[in-house]
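Structural characterization, general
Listed here are the chains, written in short residue letters.
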Amino acid sequence: MSAPTALPNNEVDQTEALGRELDRIRSEVVASRGATDTRYIHTVLALQRSLETGGRLALTVSLLPPAWLAGTAMLTVAKTLENMELGHNILHGQWDWMGDPAIHSTTWEWDFATPADAWKRTHNHLHHTYTNVVGRDRDLGYTILRVSTDQPWHPVYVFQPLYTALLAPVFEWGIALYDLEAEAVPAGRKSVRALLGDLAGLARKAVGQCAKDYVLFPLLAGPSALPCLLGNLTANALRNVWAHTVIFCGHFPGDVRTFTEDEIEGETRGEWYLRQIQGSANIEGGRLLHLLTGNLSHQIEHHVFPDLPSNRYAEVAPRVREICARYGLPYVTGPLRRQYASMWGRVLRHALP
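Residues numbered from 1 in each chain as written. Predicted model: local features only at pLDDT ≥ 70, side-chain atom pairs only at ≥ 80, totals over all residues. Heavy atoms only, no water.

Here's the deal with the overall build of the protein chain
Formally: Secondary structure elements are taken from DSSP: a helix is a run of H or I of four residues or more, a strand is a run of E of two residues or more, and numbering for both begins at the N terminus. Radius of gyration: over C-alpha atoms. The globule rule applied is 2.2 Å multiplied by the number of residues raised to the 0.38 power. Relative accessibility decides the category of a residue: with a 1.4 Å probe and only protein chains considered, values under 20% of the type maximum give buried, values over 50% give exposed, and everything between is partly exposed. In what follows, residue pairs with any heavy atoms lying within 4.5 Å of each other are defined as contacts. Positive charges come from Lys and Arg alone, negative charges from Asp and Glu alone, with His and the N- and C-terminal ends not counted. Where a charge sits is defined by one atom per residue type, namely NZ (Lys), CZ (Arg), CG (Asp) or CD (Glu).
When helices and strands are counted, the protein chain shows 13 helices and 2 strands. In terms of C-alpha radius of gyration, the protein chain reaches 21 Å, essentially the compact-globule figure of 20 Å for 353 residues. The C-alpha extent of the protein chain, read off along each of the three principal axes, is 70 × 50 × 40 Å. Here the protein chain holds 353 residues, and 53% of them are scored as buried. A separation threshold of at least 6 residues defines the contact pool for the protein chain, and within that pool the share at least 24 residues apart is 72%. In the protein chain, which carries 32 positive and 36 negative side-chain charges, the distance between the mean positions of the two groups comes to 4 Å.

Listed below in structure tokens is the structure:
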């Protein structure tokens with residue numbers, strides 16, 4: 001579904017007034033960053049490390065079923081926190097202002113198959129600059145899904161409900177292949193040499209990830225090697241399913257809009273804000289849900305303010321929602337079950353011509 005990047009009354013001054021209000025919110029948060037935010041991210045980091053340590057230790061004796069369940073559960077939550085609230089947000093530069101090299105966007109390498117530098121190129125630059133612009137935002141369907149009528153239909157899309165479901169448990173590997181941007185080589189936008197360099201980087205990361213979870217820790221578990229391996233495999237799969245769910249529910253529910261390249265020509269700051277709002281969806285829930293989603297349950301606020309500390313999204317969300325209401329803009333939000341159903345409705349609907 002395509003929509004203009006102007007407010008319903010098409011007044012340019014209204015759009016720029018919206019932009020100034022959102023700029024003001026951003027400036028206020030930037031000016032108030034401090035000890036409370038630092039304490040928050042350090043607390044999450046300590047929690048994640050404690051859960052991972054506990055999970056790894058429990059899985060060393062995972063021949064005992066209670067130990068396997070406890071270890072797998074702790075490791076799943078640890079990997080989810082590392083991926084969503086730590087990795088994703090640190091790589092966005094949300095905590096660079098602290099000057100801490102341990103949690104800086106230039107030094108962090110996450111527990112995920114795709115190398116951090118490759119992900120920052122495709123996600124931070126391409127996706128957040130060209131959010132939901134058909135032909136520019138590769139995250140719009142990840143080059144394999146049709147989620148807009150502005151995307152030409154191809155018979156392969158008939159199978160997209162199937163491969164969307166199959167993608168979920170191996171989501172990190174799908175993203176790793178996607179971040180290679182292999183389709184840019186025949187189009188002339190990327191050299192073969194650059195692709196081979198990216199492949200080498202992915203191979204190094206993949207070997208390291210597999211060696212850690214499927215060789216090293218199982219070997220350290222001794223007699224519990226097999227259940228430990230299965231626990232690690234389960235934790236990775238569950239983390240992937242959750243990440244897939246959160247990301248798809250934040251980008252592909254039916255009320256989220258898409259745009260054409262013509263509509264963003266000469267786009268102003270206010271129009272960019274407007275597109276971020278119309279191209280995102282929130283997930284309603286409690287503090288635990290927000291934490292486990294990396295605060296991407298506030299996807300609208302994240303797209304509007306991608307480099308602000310994630311713990312501030314809940315604080316600014318009511319203000320953003322009030323601004324949207326005042327300007328007559330849709331603010332797409334709903335509980336997880338509703339957003340999940342809406343996302344699947346969109347995938348199914350656009351599978352057909």
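A short note on empty space enclosed by the protein
Remark: the empty space left among the atoms is shown by a probe the size of a water molecule rolled over them. Stated formally: A cavity here means a set of 1 Å grid points, computed over protein atoms only, where a 1.4 Å probe fits but cannot escape. A pocket is an open set with protein on both sides within 12 Å along at least 5 of 7 lines, and lining residues have an atom within 4 Å of a point. Grid points are joined across faces, edges and corners, and a volume is the space filled by probe spheres set on the points.
Taken as a whole and assessed by the stated rule, the structure comprises 2 cavities of 30 Å³ or more. As a volume, the largest cavity reaches approximately 230 Å³. The wall of the largest cavity is formed by 21 residues, among which H88, W110, W119, H123 and I247 lie closest to the centre. The element that contributes the greatest number of residues to the lining of the largest cavity is helix α4 (residues 116-129), accounting for 4 residues.

Some points on the packing of helix α2 (residues 35-59) against helix α3 (residues 65-91)
Applied cut-off: Axis definition: a line fit to C-alpha positions, over the contact stretch in the case of helices; interaxial angles, taken between N-to-C directions, run 0 to 180 degrees. Between 65 and 115 degrees an angle is taken as roughly perpendicular, under 35 as roughly parallel, over 145 as roughly antiparallel, and anywhere else as oblique. Here is the rule for handedness: rotate from the far helix to the near one, and if that takes an anticlockwise turn smaller than a right angle the crossing is left-handed, while a clockwise turn gives right-handed. Three categories are distinguished: nonpolar for Ala, Val, Leu, Ile, Met, Phe, Trp, Tyr, Cys and Pro, charged for Asp, Glu, Lys and Arg, and polar for the others, with Gly belonging to the last.
Running from N to C, α2 and α3 cross one another at 150°; their axes reach a closest spacing of 7 Å. In this view, α2 runs roughly antiparallel relative to α3, as classed from their interaxial angle. As for the relative orientation of α2 and α3, their crossing is left-handed in sense. When grouped by side-chain class, the residues that make up the contact of α2 with α3 number 16 nonpolar, 5 polar and 5 charged.

A few points about the state of the cysteines
The test is simple: We call a pair of cysteine sulfur atoms a disulfide whenever their separation is within 2.5 Å.
Counted according to the given criterion, the structure contains 0 disulfides. C228 supplies the cysteine sulfur nearest to C210, a cysteine that is in no disulfide, at a spacing of 14 Å. Here C210 falls in the partly exposed class, since its relative accessible area comes to 30%.

Looking at the packing of helix α5 (residues 160-167) against helix α13 (residues 336-349)
The geometry of α5 relative to α13 is characterised by a closest axis approach of 8 Å and an angle of 135° between their N-to-C directions. The pairing of α5 with α13 is recorded here as oblique in orientation. Here Q160, P161, T164 and A165 of α5 come into contact with α13, specifically with W344, V347 and L348. Of the residues assigned to the contact of α5 with α13, the class counts are 5 nonpolar, 2 polar and no charged.

Regarding the side chain of S297
Our working rule: In protein, a polar contact requires one atom able to donate a hydrogen and another able to accept it; more generally it is a pair of N or O atoms within 3.5 Å, and residues adjacent in sequence count only if both atoms are side-chain atoms.
Of note, S297 is situated in the loop between α10 (287-292) and α11 (299-304). A distance of 2.6 Å separates polar atoms of two side chains, one belonging to S297 and the other to H290. For S297, the residues in contact, after removing those within four places along its chain, are N282, I283 and H290.

Topic: the nonpolar core
Stated precisely, the cut-off is as follows: We call a set of buried residues a nonpolar core when its members are Ala, Val, Leu, Ile, Met, Phe, Trp, Tyr or Cys and they connect through side-chain atoms within 4.5 Å of each other.
Core analysis: the largest hydrophobic core is formed by 36 residues, its most contacted members being L86, W108, Y142, F171, F248 and F252. Here this core gets 6 residues from one element, more than from any other, and that element is α3. Residues contacting F248, with those up to four places away along its chain left out, are Y142, L145, T164, L167, F171, P253 and M343. Counting 22 residues, the second largest nonpolar core, distinct from the first, contains I25, V320, C324 and Y327.

Examining α5
This is how it is decided: The directions from the helix axis to the C-beta atoms form the arc being described.
Among the residues making up α5, those that are buried are Q160, P161, T164 and L167. Angular distribution of buried residues about the axis of α5 spans 125°; they occupy a single face of the element. For α5, the exposed residues set more than 90 degrees away from the buried face come down to L162 and L166. In the core, the buried residues of α5 are packed alongside α6 (171-178), α8 (225-251) and α13.

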